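Summary of structural features
Listed below are the residues making up each chain.
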Number of protein chains: 2
Amino acid sequence: MKETLSIVKIGGNVIDNETLLKSFIHEFSKIKGLKILVHGGGKLATEISSSMGVIPEMIEGRRITNAATLEIVTMVYAGLINKRIVALLQSNNCNAIGLSGADANILPASKRDVGSIDYGFVGDINQSELNNNNLKVLLQNGFVPVIAPITHDTKGQLLNTNADTIASCLGVSLSDTFRVKLYYCFELKGVLQDIKNENSSIELITPEIFLQLKASQTISKGMIPKITNALEAIKNGVNCVYIGHVNYLNKMMADDVNAGTKITVI
Amino acid sequence: MKETLSIVKIGGNVIDNETLLKSFIHEFSKIKGLKILVHGGGKLATEISSSMGVIPEMIEGRRITNAATLEIVTMVYAGLINKRIVALLQSNNCNAIGLSGADANILPASKRDVGSIDYGFVGDINQSELNNNNLKVLLQNGFVPVIAPITHDTKGQLLNTNADTIASCLGVSLSDTFRVKLYYCFELKGVLQDIKNENSSIELITPEIFLQLKASQTISKGMIPKITNALEAIKNGVNCVYIGHVNYLNKMMADDVNAGTKITVI
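What comes next is a walk through the structure. (Residues numbered from 1 in each chain as written. Chains lettered and ligands numbered in written order. Predicted model: local features only at pLDDT ≥ 70, side-chain atom pairs only at ≥ 80, totals over all residues.)

A few words now on the overall build of chain A. Secondary structure summary: chain A contains nine helices and 14 strands in total. Relative to the 2.2 N^0.38 estimate, which gives 18 Å for 266 residues, the radius of gyration of chain A is 18 Å and therefore close to what a compact globule would have. Principal axes of the C-alpha set define a box for chain A whose edges measure 45 × 45 × 40 Å. Of all 266 residues assigned to chain A, the portion counted as buried reaches 51%. Sequence separation of 24 or more characterises 72% of the internal contacts of chain A that already satisfy a separation of 6 or more. (Helix = DSSP H or I, 4+ residues; strand = E, 2+ residues; numbered from the N terminus. Rg over C-alpha atoms; globule rule 2.2 N^0.38 Å. Buried ≥ 20, exposed ≤ 12 C-beta atoms within 10 Å, placed from the backbone. Contact = placed C-beta atoms within 7 Å.)

If you want it as structure tokens, here you go:
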């Protein structure tokens with residue numbers, strides 16, 4: 001049987017909240033076995049951006065990564081946030097090694113084609129080109145990769161990439177060798193049945209249940225792509241995906257039915 | 001015989017000059033055998049600092065790393081500069097992996113004691129605690145570490161540390177396993193006999209020659225600590241140290257007497 005690899009993704013709300021982040025780091029450090037942490041950005045980039053007088057560029061409600069924004073997200077995500085997390089993990093005896101997608105070429109990507117919107121320096125990951133070997137060498141030598149949401153085009157250009165996508169692409173890619181469990185941790189208790197009730201977390205989502213939830217418009221619009229991606233990752237090799245509160249990571253790992261939403265095809 | 005390890009340090013003037021940096025990256029990529037790149041900061045941190053309205057704090061002419069400055073140097077050194085260099089090296093088929101001293105715990109340090117001056121978040125490296133093993137695992141698996149001048153106190157606090165010191169501490173530490181050659185690359189052709197003549201580079205400095213140069217006040221004040229540190233590194237195991245122009249790296253590596261200043265005890 002394949003060895004289990006836990007890939008945990010934390011979002012901006014966890015990073016922005018120091019108490020939440022520190023308690024998460026403590027729990028993450030205790031996870032047994034192979035593990036990877038993928039982190040998002042948080043408000044820090046926006047704050048630093050505005051203190052530098054760089055105004056976020058938006059087109060049709062979508063954020064554009066122009067050259068100035070790329071510099072800022074590289075600094076903040078791969079520098080400040082990544083190194084803070086690594087230093088905290090090291091202080092918890094977890095042998096963290098912080099990486100962007102350029103480091104060890106772990107996340108080669110292509111600059112998104114200019115269609116109706118020019119997103120700027122945004123990278124779409126080339127799933128088939130992911131360099132598993134380097135990540136595997138790191139994992140098998142006891143390192144815990146901590147990955148910032150920055151990729152590169154392998155020609156010297158850094159790119160901005162969504163952290164959720166990074167987590168699922170890595171999960172799919174590494175499922176050739178490992179039994180991959182993917183955990184999306186944020187500030188809610190799971191996928192909610194009723195957005196106004198934080199305790200209405202759905203226990204289990206299968207493709208069939210997902211169809212019903214969509215048909216009955218039970219889940220919020222923002223959740224649909226997350227669940228679609230999760231099911232896609234499972235179809236492509238990931239063992240299962242959990243979505244839940246960062247404080248319930250251990251419980252999700254123990255398959256506690258009261259913690260988070262489990263997404264699976266079974 | 002021990003395998004040779006080349007440790008190359010580039011200073012701020014190389015980083016600030018895009019043409020110089022790109023040609024250096026190209027040359028560095030071609031170096032055969034095990035290698036490490038250590039980089040300094042450059043003007044970028046000062047520029048970003050001033051664009052954010054953070055005024056550099058100076059006491060008795062010395063720069064102080066207060067909390068705001070530490071955030072900026074972490075972002076700029078370990079984020080922007082480090083990832084730019086890594087992406088460029090990767091585009092030259094060099095399997096670079098960018099690291100701060102917190103990553104894989106490669107540079108544990110202690111916050112400098114407050115004496116007559118409180119330097120703030122400045123780290124002095126604990127030479128005896130350097131974690132050789134993690135760096136060796138990376139080197140022996142074909143990775144090329146690219147190290148930013150940020151360390152950590154192993155209790156979660158990042159610290160600002162001089163890049164020259166990092167290069168020599170790593171050199172000494174790794175000399176237990178490798179034949180370490182240390183290259184300090186900057187914008188001058190070497191240690192100059194006459195500061196006004198850029199072609200007056202001194203070919204060889206031994207401890208005896210160094211004493212004569214100091215006695216005759218031939219070398220500039222700023223060079224004295226650099227050479228003292230180089231001789232100290234050699235006394236503690238480093239094979240030899242070169243100081244020279246970044247464009248002459250290959251020539252220094254080929255022991256060309258017309259390139260750079262060679263510092264040795266022989």
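Before going further, it helps to spend a moment on the environment of A:Asn197. All names here are of chain A. Note on placement: Asn-197 falls in the loop between β11 (179-186) and β12 (204-205). Residue classification places Asn-197 among the exposed residues on the basis of 10 C-beta atoms within 10 Å. Sequence-wise, Asn-197 and Ser-175 are 22 residues apart; in three dimensions their C-alpha atoms are separated by 35 Å.

As a further point, take the nonpolar core. The biggest cluster of nonpolar side chains holds 176 residues, and the ones touching the most others in it are A:Val76, A:Val146, B:Val76 and B:Val146. Apart from the residues lying within four places of it in its own chain, the contact partners of B:Val146 are B:Leu37, B:His39, B:Asn82, B:Ile85, B:Val86, B:Leu89, B:Ala96, B:Ile97, B:Gly98 and B:Leu99. (Core = buried A, V, L, I, M, F, W, Y, C linked by C-beta atoms within 7 Å.)

So, about the relation of the copies chain A and chain B. Note on the identical chains: chain A maps onto chain B by a rotation of 180 degrees and an axial translation of 0.0 Å, with an RMSD of 0.0 Å. When the rotation and shift are considered jointly, the pair of chain copies conforms to a two-fold rotation axis. By C-alpha distance to the rotation axis, the residue of chain A lying nearest is A:Gly79, at 1.8 Å. A share of 100% of interface residues in chain A that are also interface residues in chain B marks the association as one of identical surfaces. (Least-squares fit on C-alpha atoms with pLDDT ≥ 70 in both.)

Our focus in this paragraph is unusual backbone geometry. Although it is not a glycine, A:Asn105 sits at a positive phi angle of roughly 50 degrees. Tracing the backbone shows A:Asn105 in the loop between β5 (96-99) and β6 (109-111). The backbone phi angle of B:Ala104 is positive, close to 55 degrees, even though this residue is not glycine. The class of B:Ala104 is buried, set by 27 C-beta atoms lying within 10 Å.

Another point: the pairing of strand β8 (residues 144-147) of chain A. Residues and elements named next belong to chain A. On β8, burial covers both faces: Val-144 and Val-146 on one face and Pro-145 and Ile-147 on the other are all buried. Where strand β2 (residues 34-39) meets β8, two bridges bridge the pair, whose relative direction is parallel. Within β8, the residue paired with Leu-37 across the bridge is Val-146. Sheet topology note: the β5/β8 ladder contains four bridges and is parallel. What sits directly across from Gly-98, in β8, is Val-146. (Pairing = 2+ DSSP bridges.)

That's the geometry; what it means functionally is another story.
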